[in-house]
Amino acid sequence: MTLRVVVADDQALVRTGFRMIIDARDDLEVVGEASDGQEAVRLTRELSPDVVLMDVRMPVVDGIEATRQIAECGSPARVLVLTTWDVDTHVVAALRAGASGFLLKDIRPTELVDAIRLTARGDALLAPTVLSRVLDRFLRTTPDPAPPPPLRDLSGREREVLTLIGQALSNAEIAQRLGLSESTVKNHVTAVLRKLGLRDRVQAVVAAYDHGLVRPRPS
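The notes below deal with the structure included here. Since this is a predicted model, take the numbers as computed values, not measurements.

A separate point is the pattern of salt bridges. Here the structure, examined in full by the defined rule, presents 15 salt bridges. When the shortest N-O distance is used, the salt bridge between Arg15 and Glu33 registers 3.1 Å. Placement of Arg15 in helix 1 (residues 12-23) and of Glu33 in strand 2 (residues 28-34) is noted, with a sequence separation of 18 residues between them. Residue classification places Arg15 among the buried residues on the basis of a relative accessible area of 13%. With relative accessibility at 25%, the residue Glu33 sits in the partly exposed group. Note that Asp23 is salt-bridged to Arg19, the shortest N-O span being 3.3 Å. Of the two residues, Asp23 and Arg19 are both situated in helix 1; the distance of 4 residues between them amounts to about one turn of the helix. Taking relative accessible area as the criterion, Arg19 reaches 28% and is therefore assigned partly exposed.

Below you can see the structure in the form of C-alpha coordinates.
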(Lines give C-alpha, C1' and ligand atoms only; values in the text may rest on other atoms or scores of the structure.)
Protein backbone atom coordinates (compact mmCIF):
# COMPACT_ATOMS: atom_id res chain seq x y z
CA MET A 1 0.00 0.00 0.00
CA THR A 2 1.28 3.46 -0.93
CA LEU A 3 1.25 6.04 1.86
CA ARG A 4 -0.16 9.38 0.75
CA VAL A 5 1.62 12.50 2.05
CA VAL A 6 0.83 16.22 2.06
CA VAL A 7 3.81 18.54 2.51
CA ALA A 8 3.12 21.89 4.19
CA ASP A 9 5.92 24.47 4.26
CA ASP A 10 6.05 28.11 3.20
CA GLN A 11 9.36 27.62 1.37
CA ALA A 12 9.00 26.15 -2.11
CA LEU A 13 12.56 24.82 -2.07
CA VAL A 14 11.89 22.87 1.13
CA ARG A 15 8.70 21.39 -0.31
CA THR A 16 10.53 20.36 -3.48
CA GLY A 17 13.27 18.68 -1.45
CA PHE A 18 10.78 16.73 0.62
CA ARG A 19 8.87 15.70 -2.51
CA MET A 20 12.04 14.39 -4.17
CA ILE A 21 12.93 12.34 -1.09
CA ILE A 22 9.42 10.96 -0.62
CA ASP A 23 8.52 10.24 -4.25
CA ALA A 24 11.78 8.31 -4.68
CA ARG A 25 10.31 5.56 -2.43
CA ASP A 26 7.95 3.01 -3.93
CA ASP A 27 5.64 3.00 -0.92
CA LEU A 28 5.35 6.79 -0.50
CA GLU A 29 3.72 9.50 -2.62
CA VAL A 30 3.30 13.25 -2.23
CA VAL A 31 -0.29 14.01 -3.19
CA GLY A 32 -0.32 17.71 -2.34
CA GLU A 33 1.74 20.72 -1.29
CA ALA A 34 0.65 23.63 0.91
CA SER A 35 2.40 26.96 1.41
CA ASP A 36 0.48 27.90 4.57
CA GLY A 37 -1.48 26.25 7.36
CA GLN A 38 -4.90 27.14 5.97
CA GLU A 39 -4.07 25.45 2.68
CA ALA A 40 -2.72 22.44 4.58
CA VAL A 41 -6.06 22.00 6.34
CA ARG A 42 -7.97 22.32 3.07
CA LEU A 43 -5.78 19.83 1.23
CA THR A 44 -6.01 17.37 4.10
CA ARG A 45 -9.80 17.48 3.93
CA GLU A 46 -9.84 17.17 0.14
CA LEU A 47 -7.10 14.58 -0.40
CA SER A 48 -7.35 12.42 2.76
CA PRO A 49 -3.59 11.79 3.10
CA ASP A 50 -2.13 9.31 5.55
CA VAL A 51 0.49 11.76 6.83
CA VAL A 52 0.91 15.54 6.75
CA LEU A 53 4.43 16.96 7.05
CA MET A 54 3.75 20.23 8.83
CA ASP A 55 6.14 23.15 9.28
CA VAL A 56 5.65 25.06 12.54
CA ARG A 57 6.05 28.62 11.28
CA MET A 58 3.86 29.43 8.27
CA PRO A 59 1.75 32.43 7.19
CA VAL A 60 -2.05 32.79 7.45
CA VAL A 61 -2.38 29.86 9.88
CA ASP A 62 0.68 28.47 11.64
CA GLY A 63 1.50 24.77 11.80
CA ILE A 64 0.29 24.30 15.38
CA GLU A 65 -3.16 25.76 14.69
CA ALA A 66 -3.38 23.85 11.39
CA THR A 67 -2.59 20.63 13.27
CA ARG A 68 -5.35 21.42 15.77
CA GLN A 69 -7.88 22.03 12.99
CA ILE A 70 -6.96 18.78 11.25
CA ALA A 71 -7.39 16.83 14.47
CA GLU A 72 -10.68 18.52 15.32
CA CYS A 73 -12.21 17.95 11.88
CA GLY A 74 -11.99 14.21 12.40
CA SER A 75 -9.45 13.55 9.66
CA PRO A 76 -7.61 10.22 10.07
CA ALA A 77 -4.43 11.88 8.75
CA ARG A 78 -1.54 11.93 11.18
CA VAL A 79 0.54 15.09 11.43
CA LEU A 80 4.32 14.97 11.61
CA VAL A 81 5.60 18.38 12.71
CA LEU A 82 8.97 19.59 11.46
CA THR A 83 10.88 22.63 12.63
CA THR A 84 14.37 24.11 12.57
CA TRP A 85 14.14 24.85 16.29
CA ASP A 86 14.71 22.26 19.00
CA VAL A 87 12.35 24.08 21.36
CA ASP A 88 10.23 22.38 24.00
CA THR A 89 7.35 24.84 23.69
CA HIS A 90 6.90 23.89 20.05
CA VAL A 91 6.93 20.19 20.90
CA VAL A 92 4.39 20.53 23.68
CA ALA A 93 2.12 22.78 21.61
CA ALA A 94 2.28 20.34 18.71
CA LEU A 95 1.42 17.38 20.94
CA ARG A 96 -1.42 19.28 22.60
CA ALA A 97 -2.76 20.15 19.16
CA GLY A 98 -2.82 16.50 18.11
CA ALA A 99 0.49 15.94 16.35
CA SER A 100 1.69 12.36 16.06
CA GLY A 101 5.38 13.17 15.89
CA PHE A 102 8.04 15.85 15.94
CA LEU A 103 11.28 16.03 14.01
CA LEU A 104 13.95 18.59 13.25
CA LYS A 105 14.34 19.67 9.62
CA ASP A 106 17.98 18.62 9.47
CA ILE A 107 16.91 14.97 9.67
CA ARG A 108 18.56 12.67 7.11
CA PRO A 109 16.44 11.50 4.14
CA THR A 110 16.36 7.87 5.30
CA GLU A 111 15.23 8.97 8.76
CA LEU A 112 12.51 11.14 7.25
CA VAL A 113 10.94 8.34 5.23
CA ASP A 114 11.17 5.97 8.20
CA ALA A 115 9.46 8.64 10.31
CA ILE A 116 6.60 8.90 7.81
CA ARG A 117 6.12 5.13 7.91
CA LEU A 118 6.20 5.03 11.71
CA THR A 119 3.78 7.92 11.98
CA ALA A 120 1.35 6.32 9.54
CA ARG A 121 1.33 3.21 11.76
CA GLY A 122 0.47 5.33 14.79
CA ASP A 123 3.74 4.76 16.61
CA ALA A 124 5.05 7.47 18.94
CA LEU A 125 7.68 9.57 17.22
CA LEU A 126 9.74 12.40 18.64
CA ALA A 127 13.26 13.47 17.80
CA PRO A 128 15.58 11.55 20.15
CA THR A 129 17.25 14.80 21.21
CA VAL A 130 14.00 16.14 22.64
CA LEU A 131 11.99 13.08 23.71
CA SER A 132 13.24 12.55 27.24
CA ARG A 133 13.41 16.27 28.02
CA VAL A 134 9.88 16.92 26.81
CA LEU A 135 8.49 14.02 28.83
CA ASP A 136 10.34 15.13 31.97
CA ARG A 137 9.14 18.74 31.68
CA PHE A 138 5.63 18.12 30.38
CA LEU A 139 3.82 18.99 33.58
CA ARG A 140 5.76 22.22 33.96
CA THR A 141 4.13 23.62 30.84
CA THR A 142 0.81 25.46 30.73
CA PRO A 143 -1.95 22.92 31.34
CA ASP A 144 -4.25 22.04 28.46
CA PRO A 145 -7.50 24.02 28.89
CA ALA A 146 -9.49 21.04 27.62
CA PRO A 147 -10.22 18.38 30.26
CA PRO A 148 -8.47 15.04 29.63
CA PRO A 149 -10.60 12.02 28.69
CA PRO A 150 -11.92 10.24 31.82
CA LEU A 151 -10.26 6.98 32.83
CA ARG A 152 -13.28 5.39 34.45
CA ASP A 153 -13.83 2.95 31.58
CA LEU A 154 -10.28 1.57 31.77
CA SER A 155 -9.57 -1.68 33.56
CA GLY A 156 -6.77 -1.81 36.11
CA ARG A 157 -4.47 -3.47 33.58
CA GLU A 158 -5.31 -0.91 30.91
CA ARG A 159 -4.49 1.87 33.35
CA GLU A 160 -1.11 0.20 33.98
CA VAL A 161 -0.49 0.04 30.25
CA LEU A 162 -1.41 3.72 29.83
CA THR A 163 1.03 4.64 32.59
CA LEU A 164 3.86 2.76 30.86
CA ILE A 165 2.98 4.30 27.50
CA GLY A 166 3.38 7.65 29.24
CA GLN A 167 6.89 6.60 30.22
CA ALA A 168 7.67 6.16 26.49
CA LEU A 169 7.97 2.36 26.72
CA SER A 170 7.46 0.25 23.61
CA ASN A 171 5.01 -2.65 23.51
CA ALA A 172 7.91 -5.07 23.93
CA GLU A 173 9.17 -3.17 26.99
CA ILE A 174 5.67 -3.01 28.48
CA ALA A 175 5.24 -6.74 27.91
CA GLN A 176 8.48 -7.46 29.74
CA ARG A 177 7.59 -5.11 32.60
CA LEU A 178 4.12 -6.65 33.12
CA GLY A 179 4.97 -10.25 32.28
CA LEU A 180 2.60 -10.33 29.32
CA SER A 181 2.92 -11.32 25.69
CA GLU A 182 3.53 -8.51 23.21
CA SER A 183 0.28 -9.33 21.40
CA THR A 184 -1.67 -9.00 24.66
CA VAL A 185 -0.08 -5.60 25.28
CA LYS A 186 -0.99 -4.54 21.75
CA ASN A 187 -4.61 -5.47 22.47
CA HIS A 188 -4.54 -3.44 25.68
CA VAL A 189 -3.08 -0.44 23.85
CA THR A 190 -5.83 -0.67 21.22
CA ALA A 191 -8.47 -0.81 23.97
CA VAL A 192 -6.98 2.21 25.74
CA LEU A 193 -7.01 4.30 22.56
CA ARG A 194 -10.57 3.24 21.74
CA LYS A 195 -12.00 3.82 25.22
CA LEU A 196 -10.35 7.22 25.60
CA GLY A 197 -11.10 8.32 22.03
CA LEU A 198 -7.42 8.95 21.31
CA ARG A 199 -5.95 9.23 17.82
CA ASP A 200 -2.73 7.37 18.49
CA ARG A 201 -0.01 6.45 20.95
CA VAL A 202 1.35 9.97 21.20
CA GLN A 203 -2.01 11.24 22.43
CA ALA A 204 -1.99 8.43 25.00
CA VAL A 205 1.29 9.88 26.32
CA VAL A 206 -0.41 13.26 26.66
CA ALA A 207 -3.36 11.67 28.48
CA ALA A 208 -1.06 9.83 30.88
CA TYR A 209 0.63 13.08 31.87
CA ASP A 210 -2.62 15.03 32.09
CA HIS A 211 -4.03 12.47 34.51
CA GLY A 212 -0.89 12.49 36.65
CA LEU A 213 -0.10 8.85 35.91
CA VAL A 214 3.42 9.93 34.97
CA ARG A 215 5.32 12.68 36.70
CA PRO A 216 8.47 14.48 35.53
CA ARG A 217 11.71 13.76 37.30
CA PRO A 218 13.03 16.59 39.49
CA SER A 219 15.38 19.02 37.76
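Attention shifts here to the environment of Gly74. Relative to the assigned elements, Gly74 resides in the loop between helix 3 (63-72) and strand 4 (78-83). Relative accessible area serves as the criterion here: at 58%, Gly74 is assigned to the exposed category. For the pair Gly74 and Arg45, spaced 29 residues apart in sequence, the C-alpha to C-alpha distance is 9.3 Å.

Attention now moves to the packing of helix 7 (residues 156-166) against helix 9 (residues 182-196). Following both chains from N to C, one finds helix 7 and helix 9 inclined at 95 degrees, their axes separated by 9 Å at the closest point. When the interaxial angle is binned, helix 7 and helix 9 end up roughly perpendicular. Across the interface between the two elements, Arg157, Glu158, Val161, Leu162 and Ile165 from helix 7 touch His188, Val189, Ala191, Val192, Lys195 and Leu196 from helix 9. Residues that form the contact of helix 7 with helix 9 fall into these classes: 7 nonpolar, 1 polar and 3 charged.

What follows deals with the nonpolar core. Ranked by internal contacts, the top residues of the largest apolar core, which has 26 residues, are Ala8, Val52, Met54, Ile70, Val79 and Val81. Listing elements by their share of this core, those giving two or more residues are strand 1 (3-8), helix 2 (37-47), strand 3 (51-55), helix 3, strand 4, helix 4 (88-97), strand 5 (101-104) and helix 10 (201-210). Tallying contributions element by element places helix 4 first for this core, with 4 residues. In contact with Met54, other than residues within four places in its own chain, are Ala8, Ala40, Gly63, Ala66, Thr67, Ile70, Val79, Leu80, Val81 and Leu82. Leu164, Val185, Leu198 and Val214 belong to the second-largest nonpolar core, a separate cluster that totals 22 residues.

Looking at helix 7, one finds that the buried residues are Glu158, Val161, Leu162, Thr163, Leu164, Ile165 and Gly166. Where helix 7 terminates, the next one or two residues include Ala168, which has phi positive at roughly 70 degrees.

Here is what the cut-offs are and how they apply
Residues numbered from 1 in each chain as written. Predicted model: local features only at pLDDT ≥ 70, side-chain atom pairs only at ≥ 80, totals over all residues. Heavy atoms only, no water. Salt bridge = Lys/Arg side-chain N within 4 Å of Asp/Glu carboxyl O. Helix = DSSP H or I, 4+ residues; strand = E, 2+ residues; numbered from the N terminus. Buried < 20%, exposed > 50% of the residue type's maximum accessible area, 1.4 Å probe, protein only. Axes fitted to C-alpha atoms, helices over the stretch in contact; angles between N-to-C directions. Parallel < 35°, antiparallel > 145°, perpendicular 65-115°, else oblique. Contact = heavy atoms within 4.5 Å. Nonpolar A, V, L, I, M, F, W, Y, C, P; charged D, E, K, R; others polar. Core = buried A, V, L, I, M, F, W, Y, C linked by side-chain atoms within 4.5 Å.

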